[in-house]
Every structure is written in structure tokens, then in C-alpha cells.
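The lines below spell out each chain.
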Amino acid sequence: MTALTARTGSPFAKLLSVASFVPSRVVDNAEMCTYIDSSDEWIQQRTGIAERRWVGEGENVETMALDAARTAVERAGIDGSELGAVIVSTVTYYHQTPSLAAKLAFQLGSTGAAFDISAACAGFCYGIGQAESLVRSGAAKYVLVIGVEELSRFTDIHDRGTAFLFADGAGAAVVGPSDVNGIGPVVWGSDGGQASAITQTVEWSEALEGGTTPYIAMDGRAVFKWASGFIADAARHVLDAAGLTPDQLDVFIPHQANNRITDAMLRSLKLPEHIVVARTIRQFGNNSAASVPMAMDQLLSTGEAKKGQTALLIGFGAGLVYAGQVVTLP
Ligand code: UT7
């Protein structure tokens, strides 16, 4: 066997920036209850959602992603041409191919690697896990990770089980080299045996033939049970993998699926009272791949969380899949 040259990159990686795009259309629970038989009280009690954001005039997956990406690149203090890779996580882009990542890379001035991933609500954490490896392996110096969703387009507004939950938005972060480790080991996995828990009402081929839309179909109770049990345990493994105890954590940013799932995780992790907990679901709804970076950007921009603090991220959703890591906030 001929020994080939191996490449190594930076010893460590960190988040250099985070940014988000919040769509302009506010849909409150009163409007939601014109589409489904529900109430503001039920939605708030069962999920924590008071209102959600949907795309407004001229906004879509591409415009939202580009806006968040441009801000993230600017905040990282680099030029778009320095991006060695662009990773987009989305389940709501309208093109099967080419990828949204390649289009965005071009718009940002990058000729680096570009690809989309499908990991639903775990997508941003999957992307950060990949980005950290790319930077440390030397495959890319700077990696842009984007989570973007236009779930309003693929949610049946008359479905009482999903309509009130899903929303739109984008978040982006730049990962780059560091002298000190700022991204802990990713803990991730899947359970394809529960694929039917979150799926589509029809396959694309059937939808095209029948002239229908493949809406999101969810067994809410099954996902709730899995998230508040198995995923709460996984969050503890994320902390262990980074070599931290709960009292060393400053911020908890779980996927914004349901405040009751977040509460179950807090109980399971036994996090100290002082920890800042992301609850952006209240005003943004569940933005799938965009929810973790949107929440992170919101906490930093309101001053609730601070640069340099230690945050536990965890995403989980359709697949079923999950991923999490501890990061130093940018
Ligand atoms: O981001 C991807 C991952 N997704 C998730 O993590 C979602 C996880 N699941 C959930 O968040 C929750 O299951 C939901 C918020 C979707 C639903 O809450 P739930 O507490 O699991 O409700 P349920 O389906 O168990 O229904 C409880 C009751 C039922 O009435 P009865 O049988 O107790 O009389 C339902 O008929 O609530 C009723 N109900 C509603 N009432 C008002 C169900 N949907 C509604 C509604 N408005 N929209």
C-alpha cells in the first residue's frame, strides 16, 4: 500500500459568528384559530407559542438564507471568498437539485464546497458537527452553516395537529480555526424505525401526479415521548462528551419544538436555576433547522446571553434524527 499525504487543519474550531433572518409576517394564535378548531389558551399551554412568523411578500427560503448568511459572514470578519465550504440544512427548498448551498456560495463569492443536508430539526447541529470536522481536518478553513425553512408552505393550515406549530425563518453561523476548542464533540444518531412519526402526507411522485402538496404529517404524541425521554438523555451525553458538568453551563439552546419538551429536558439534566434557556418558540414558533441559530442570535442580540459563554445545543426531529454539541458563544 502506498502511503498518501494526509492533510491536517487547525487543532481546534469555534463559532466565529451567528446571524438570523426573522420573516415579516406575524401570525398570532387568534389568526391561527381561524384555520383550525383550537384556542389561544390551548396553544400557549401545550406548546408555549403565542405567535409565529411566516414568510411575507418577497421572502422565501433563498432570500431568508442569503440574508442570514451575509450577516454571519460579515460578523465573522471574513470575505465570502474565504469560505471553504457552505452547508445548508433544509427540508423545504423547492429544488431537489441543484443544491441551495451552491447557489448561496456563488452569491456570497465562494467557490468552495457546497452541499445541502436533510436532517430536519437537527440539521443545524448536524451542520456544525460537520463544519468542526472540516476545519480540524484542513478540508476547509472557514465553513458557513445555514439552517433555513419555509414550513408554512408545507404545513396544512387546516391540520389541527401541526398548523399551530410550524413556522419559517433562517439562521447561519461561520465556523473557523481556533487556538482554544470552542466546539465540543458532536453527539448524534438516528432511529429510522420511527420514520413515520414525522413524514409527508404523500410522496413527491404521488403529489405531482395528483396535483397536491406533500404536507408535513406528524404523530405528535410519539415525537413528544421520544423527545422528552431519549433526547433529554442524549443532551446529558452531549454535556459529558464536552467534559462538563451542568453547573459549568451558562446557556441551554434546545430545538424550539415545544416548551414542555424543553421543561422535561431541564428536569432530566438538572440544570442550575441561573442558566439562560432559549424560549424563542413563544414569538417565532417551531422553525425546524433554523430554530437553534435563530434562538442563539436572539439571546445574544437581546443581551440575555453573552459572547464567550458556554451553551448546550441540541436538535431533534424527522428521521427520527438528533444531534447536539456544547459551543462557546460567538
Ligand atoms: O420539530 C419537530 C419535532 N416535533 C415535535 O417535537 C412535536 C412534539 N409533539 C408536540 O409538541 C405535541 O404532541 C403537540 C403540541 C403537537 C400536541 O400536544 P399534545 O399535548 O401531545 O396533544 P394531544 O395530541 O395528546 O391531544 C390532547 C388533547 C386531545 O383532546 P382529548 O382527547 O384530551 O379530549 C386533542 O383532541 O388536545 C386536543 N387537541 C387540540 N385542542 C385544541 C389536539 N390538537 C388540538 C388543537 N387545539 N390544535
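Everything that follows concerns the structure shown earlier in this document.
Every chain begins its residue count from 1, and numbering advances along the sequence as written. Predicted model: local features are reported for residues with pLDDT of at least 70 only, side-chain atom pairs are reported and counted for 80 or more only, and whole-chain, interface and lining totals are derived from all residues. Hydrogen atoms and water are omitted, and side-chain values are computed over all heavy atoms in the structure.

**Student:** Lay out the pairing of strand S4 (residues 83-89) in plain terms, naming residues and giving numbers.
**Tutor:** Each residue is assigned to one of three classes by its accessible area relative to the maximum for its type, calculated with a 1.4 Å probe on protein chains only: buried under 20%, partly exposed between the two thresholds, exposed over 50%. Comment: elements are numbered from the N terminus, with helices defined as DSSP H or I runs of at least four residues and strands as E runs of at least two. Along S4, six of the seven residues are buried, which leaves the element largely enclosed by surrounding structure. Following DSSP output, two strands are said to pair if at least two bridges run between them. Looking at chain direction, S4 and strand S6 (residues 142-150) are connected through six bridges and run parallel. Counted as the bridge partner of Val86 is Leu144 from S6.

**Student:** Lay out the sheet that holds strand S14 (residues 321-328) with the relevant residues and their values.
**Tutor:** Sheets are built from strands paired through backbone hydrogen bonds, the pairs being either parallel or antiparallel. One open sheet holds the five strands; their spatial order is S8-S14-S13-S11-S12, and the pairing between them is mixed. Looking along the sheet, the strands with just one partner apiece sit at the ends: strand S8 (187-190) and strand S12 (276-277). Sheet topology note: the strand S11 (residues 251-254)/strand S13 (residues 310-317) ladder contains four bridges and is parallel. Across the sheet, residue Val251 finds its bridge partner in S13, namely Ala311. Strands S8, S13 and S14 of the sheet are contacted by helix H5 (residues 123-137), whose axis makes an angle of about 60° with S14. Note on contacts: a residue pair qualifies if any of its non-hydrogen atoms lie within 4.5 Å across the two residues. Axes, fitted as lines to C-alpha atoms, cover a helix only where it is in contact. Angles between the N-to-C directions of the axes lie from 0 to 180 degrees. Helix-sheet contacts for helix H7 (residues 220-241) involve S8, S13 and S14, and the interaxial angle to S13 is about 145°.

**Student:** Just give me the short version of the packing of H7 against helix H8 (residues 259-269), but keep the residues and values in it.
**Tutor:** When two helices pack together, their arrangement is given by the angle between the helix axes and by the axis-to-axis distance. It is at 9 Å that the axes of H7 and H8 come closest, and there the two elements cross at 40°. Here H7 lies oblique to H8, going by the angle between them. Every pair of crossing elements has a handedness; the one defined by H7 and H8 is right-handed. Between H7 and H8, the residues in contact are Phe224, Ala227, Ser228, Ile231, Ala232, Asp233, Ala235 and Arg236 and Arg260, Ile261, Ala264, Met265, Ser268 and Leu269, respectively. Within the contact of H7 with H8, the residues separate by chemical class into nine nonpolar, two polar and three charged. Should an angle fall under 35 degrees it is taken as roughly parallel, and over 145 as roughly antiparallel, whereas 65 to 115 is taken as roughly perpendicular and any remaining angle as oblique. Left-handed describes a crossing whose near helix is turned anticlockwise from the far helix through less than a right angle; right-handed describes the clockwise counterpart. Gly counts as polar in this scheme, as do all residues outside two lists: the nonpolar Ala, Val, Leu, Ile, Met, Phe, Trp, Tyr, Cys and Pro, and the charged Asp, Glu, Lys and Arg.

**Student:** Could you give me a rundown of the pairing of strand S5 (residues 113-117), with the residues and numbers involved?
**Tutor:** One ladder, built from five bridges, connects S4 with S5; its direction is parallel. Considered in S5, the bridge of Ile87 is made with Phe115. Handedness rule for crossovers: strands pointing away from the viewer, path from the first strand over the helix to the second running clockwise, crossover right-handed. Following the backbone out of S4, through helix H4 (residues 100-108) and into the adjacent parallel S5, one traces a crossover that is right-handed.

**Student:** For the sheet that holds S6, give the residues involved together with the corresponding values.
**Tutor:** Taken together, the five strands give an open sheet; going across it, the order is S1-S7-S6-S4-S5, and neighbouring strands pair in mixed fashion. Strands with a single pairing partner mark the edges of an open sheet, and in this sheet they are strand S1 (12-21) and S5. Taken over all neighbouring pairs, the strand axes of this sheet differ in orientation by 15° on average, direction set aside.

**Student:** For the site of the ligand, give the residues involved together with the corresponding values.
**Tutor:** If you check the shell around the ligand, you find 23 residues, and the closest are Ser38, Arg46, Arg221, Asn258 and Asn286. Polar contacts, as used here, are pairs of N or O atoms within 3.5 Å; protein pairs need one atom able to donate a hydrogen and one able to accept it. Residues neighboring in sequence count only if both atoms are side-chain atoms. Between the ligand and Ser38 there is a distance of 2.6 Å, counted from a nitrogen atom to a side-chain nitrogen or oxygen. At a separation of 3.0 Å, a nitrogen atom of the ligand approaches a polar backbone atom of Gly220. A 1.4 Å probe and the Shrake-Rupley method give the accessible areas. Residues count as covered only by the protein chains that appear here. For the ligand, whose free accessible area comes to 950 Å², the fraction covered by protein is 75%. Within the residue set of the shell around the ligand, elements represented by two or more residues are helix H2 (40-47), H7 and H8. Where each domain starts and ends follows an automatic or database-derived domain assignment. Shared between two domains, the shell around the ligand takes at least three residues from each, and those domains are domain 1 (12-178) and domain 2 (187-328). Residues are counted as near a molecule or strand when any one of their heavy atoms sits within 4 Å of it.

Geometric values such as these leave the question of function open.
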